[in-house]
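So you can see what is in the structure, the chains are spelled out below.
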Amino acid sequence: MYSFLGGLVILVLGYLIYGAFVSKVFGPDDRQTPCVVHPDGVDYVPISTGRAFLIQLLNIAGLGPIFGALSGAIWGPQVYLWIVFGTIFAGAVHDYLVGMLSMRNDGASVSEITGTYLGPVMKGIMRVFSVVLLVMVGVVFMVGPAGLLAIMFTQGTSAATGGAAGAATLMGYTTAEWTKILTVIILVYYFLATLLPIDKVIGKVYPLFGLCLIFMAIGIGGMTVMNHINGTKPMIELWEGLYNMHPKADTTPIWPLMFITVACGAISGFHATQSPMMARCLTSERQGRFVFYGAMVAEGIIALIWASAGIAFYNATDGGFSTAGLLAVGGGNSTSVYQISVGLLGPVGSILAILGVVACPITSGDTAFRSARLTLADWFKIDQKGIAPRLLLALPLLAAGYGISFLDYGVVWRYFSWSNQTLAMIALWAGAVYLTRHVGAGKGFIAAIPATFMSAVSVTYFCIAKECYLELPRMTAYVIGIAFAVVFFAIYWLRVYSPAAKK
């Protein structure tokens, strides 16, 4: 309990202290923002600070801080360290820099920003990479909530008591069949949210989803602490589990697997595709710290709550602390979220909690496809004021997403996780170059240090993961990952500090 509460305090202090420092380094000013210069009534729409924060939070808080945090919790409470410090020094810095750089580049998408500061080759790579990632995000955030709602509809409390998955029915349809039906319904909503002006659908429904999300976080976190106090489901303190607690520790190392698995709960390249949407809607650069840095800290809090809840809920103390129960249920998925919600809040409270969990991915999935449309529009210089050019881009994207939804969900999630962290790495390098060149020597290190760390994580995972097909020996992968990170840092150093670069 003390580790959990301490983590919450550090996250809040991180926003107040380090967030203020990062903002001071960047130097927001009173220049006119994109939506003030040329509002278009579709994507460049002035939005108040409070609404912008709520939309940004729901945009970025998809399944990552819930499913990812629960899956990362299988390694034990050291996941708290990654969530807390990853959020403060990497994830929130990443989100803030991308959002602010987008504002200073007329609301440009992350691929265009990357090209501006890392060159045309990287721009081309990021254009393709970000669109592919966004479609995968849309799929993950379409199938995930559909599955969770299907379980809620068909299985009732049987999921909380170990009922067989898919055995129950509603109106003659099984859980799997309801999942397919709901996937189509969510896809139709995504179609509308992708096409219509940002303040017509997204701006209208997000406040309600936000209330569900807040209730869920408070309810799950509060009951987890209460159950620890009364001894029903004790939490594991950091110092009690500061080792690899994964039941398959021999083949599942913390580095780099936990850092990839947690994904959005600490840092997420997906956020780099979302921040430009709010960058097109803020009326002042001075709103950036609250909207971009603050929303990521809020997501870190959500991730910390779910990681703590998962560890405590499935902890078996009869033979010592263990995360075997969490692994047995599959880590973060629709079933584990349902079981935790029902087990902690009961049938009535769990409905609101689950709606909060469903709201997270749906309100990220719709903006994923919307962001993919905007990325393609920036790429091919297609004006988006008319409905016809929006349809031209949206229909193929949504059709591709629907097709991918039939693939194995676990495989799609793993590819999403790796590509997600790799995009974050590239975006951080772009931010580091900007700060060093346009703010001052040495200022770029607030982005270069986490970029170097994420470079090592991404390359190591690529070398070691089954889905990437290399499957190199662990020590070989470690050496290659660290070597690439050192090379990337050296390239950064030479580009911004060499005599030629200074000229």
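All figures in this text were calculated on a predicted structure; none of them were measured in a lab. (Residues numbered from 1 in each chain as written. Predicted model: local features only at pLDDT ≥ 70, side-chain atom pairs only at ≥ 80, totals over all residues. Heavy atoms only, no water.)

### Focus: the overall build of the protein
- Scanning the protein from terminus to terminus reveals 19 helices and 2 strands.
- The burial tally for the protein puts 61% of its 503 residues in the buried class.
- Residue pairs at least 24 apart in sequence account for 84% of intrachain contacts in the protein once pairs closer than 6 positions are excluded.
- Here the protein has roughly 18300 Å² of accessible surface; of this, 71% comes from carbon and sulfur atoms. (Helix = DSSP H or I, 4+ residues; strand = E, 2+ residues; numbered from the N terminus. Buried < 20%, exposed > 50% of the residue type's maximum accessible area, 1.4 Å probe, protein only. Contact = heavy atoms within 4.5 Å. Areas by Shrake-Rupley, 256 points an atom, 1.4 Å probe, with all protein chains shown as cover.)

### Here we look at the nonpolar core
- Residues Y190, F292, Y293, W306 and I340 are the most contacted members of the largest nonpolar core, which totals 151 residues.
- Of the residues forming this core, the biggest block, 17 residues, is contributed by helix α12 (residues 288-313).
- Not counting chain neighbours up to four residues away, the residues in contact with I340 comprise L70, I220, W306, A309, G310, F313 and Y314. (Core = buried A, V, L, I, M, F, W, Y, C linked by side-chain atoms within 4.5 Å.)

### Side note on the confidence of the model for the protein
- Mean pLDDT for the protein: 85, with 88% of residues reaching 70 or above.
- The low-confidence segment residues 157-166, where pLDDT is below 50, has 16 contacts with residues more than four positions distant or belonging to other chains. (pLDDT = per-residue confidence, 0-100.)

### Some remarks on helix α3 (residues 49-60)
- Look at α3: 16 Å from first C-alpha to last across 12 residues, which is about the 16 Å you get at 1.5 Å a residue.
- Along α3, the positions that sit buried rather than exposed are A52, F53, L54, I55, Q56, L57, L58, N59 and I60. (Expected span 1.5 Å × (residues − 1).)

### A closer look at the packing of α3 against α12
- Between α3 and α12, whose axes approach to 9 Å, the crossing angle comes to 45 degrees. Of the possible angle classes, the one that applies to α3 and α12 is oblique. Handedness of the α3/α12 crossing: right-handed. Contacts from T49, A52, F53, Q56, L57 and I60 in α3 reach F290, V291, F292, G294, A295, M296, A298, E299 and I302 in α12.
- Tallied by class, the residues present in the contact of α3 with α12 amount to 11 nonpolar, 3 polar and 1 charged. (Axes fitted to C-alpha atoms, helices over the stretch in contact; angles between N-to-C directions. Parallel < 35°, antiparallel > 145°, perpendicular 65-115°, else oblique. Left-handed = near helix turned anticlockwise from the far one by under 90°. Nonpolar A, V, L, I, M, F, W, Y, C, P; charged D, E, K, R; others polar.)

### Description of a nonpolar patch on the surface
- Where nonpolar side chains cluster on the molecular surface, the patch consists of F153, L170, M171, Y173, I181 and I185 and spans about 560 Å² of accessible area.
- Structurally, F153 can be placed in helix α7 (residues 120-155). (Patch = residues over 30% accessible without salt bridge, like charges linked within 9 Å, V, L, I, M, F, W, Y side chains within 5 Å. Salt bridge = Lys/Arg side-chain N within 4 Å of Asp/Glu carboxyl O.)

### Looking at the packing of aromatic side chains
- Scanning the model with the defined rule gives 24 aromatic pairs in all.
- Ring geometry for F26 versus Y434: centroids 5.6 Å apart, planes at 25 degrees, classification stacked. Linking F26 in helix α1 (residues 2-26) with Y434 in helix α16 (residues 409-438), this pair joins segments that are 408 residues apart in sequence. One exposure class covers both F26 and Y434, and it is buried.
- Between F259 and F453, the aromatic rings sit 5.6 Å apart at their centres with planes inclined by 70 degrees, giving edge-to-face as the arrangement. Residue F259 is found in helix α10 (residues 254-261), and its partner F453 is found in helix α17 (residues 445-464); the two are separated by 194 residues along the sequence.
- Taken together, the ring pairs connect W429, F445, F489, Y492 and W493 into an aromatic cluster.
- The residue whose ring lies beneath K233 is F313, and the NZ or CZ to ring-centre distance is 4.5 Å.
- Here the guanidinium or amino end of R289 rests over the ring plane of Y15, the centre of that ring lying 4.4 Å away. (Phe/Tyr/Trp six-rings, centres within 6.5 Å; stacked < 30°, edge-to-face > 60°. Lys NZ or Arg CZ within 6 Å of the ring centre and 35° of its normal.)

### Side note on the pattern of salt bridges
- What the rule picks out here adds up to 10 salt bridges.
- In this structure, R31 and E285 form a salt bridge, with 3.6 Å as the shortest nitrogen-oxygen distance. Here R31, found in the loop between α1 and α2 (34-37), pairs with E285, found in the loop between α11 (270-279) and α12; they are 254 residues apart in sequence, far enough to count as distant.
- On the basis of relative accessible area, R31 is assigned to the partly exposed category, the value being 40%.
- The exposure class assigned to E285 is buried, which follows from its relative accessible area of 1%.
- Several salt bridges converge on common partners, so that one network encompasses D29, R31, R104 and E285.

### So, the environment of A312
- Structurally, A312 can be placed in helix α12.
- You can call A312 buried: its relative accessible area is 2%.
- Between the alpha carbons of A312 and L326 there is a distance of 9.4 Å; along the sequence they are 14 residues apart.
- In contact with A312, not counting residues within four places along its chain, are T224, K233, P234 and M235.

### A closer look at the environment of V188
- Looking at the secondary structure, you find V188 in helix α8 (residues 175-195).
- Separated by 210 residues in the primary sequence, V188 and L398 place their C-alpha atoms 9.2 Å from one another.

### Focus: the environment of Y117
- Relative to the assigned elements, Y117 resides in helix α6 (residues 110-118).
- A relative accessible area of 9% means that Y117 is categorised as buried.
- Along the primary structure Y117 and A427 are separated by 310 residues, whereas in three dimensions their C-alpha atoms are 9.8 Å apart.
- Those residues within four positions of Y117 in sequence are excluded, and the remaining contacts are L101, N105, A430, V433, Y434, R437, H438 and R495.

### Side note on unusual backbone geometry
- Residue W255 is joined to P256 through a cis peptide bond whose omega torsion reads 0 degrees.
- Mapped onto the elements, P256 comes out in helix α10.
- Although it is not a glycine, D106 adopts a positive phi angle of roughly 60 degrees.
- One can find D106 in the loop between α5 (79-103) and α6.
- The phi dihedral of K381 is positive, around 55 degrees, even though this residue is not glycine.

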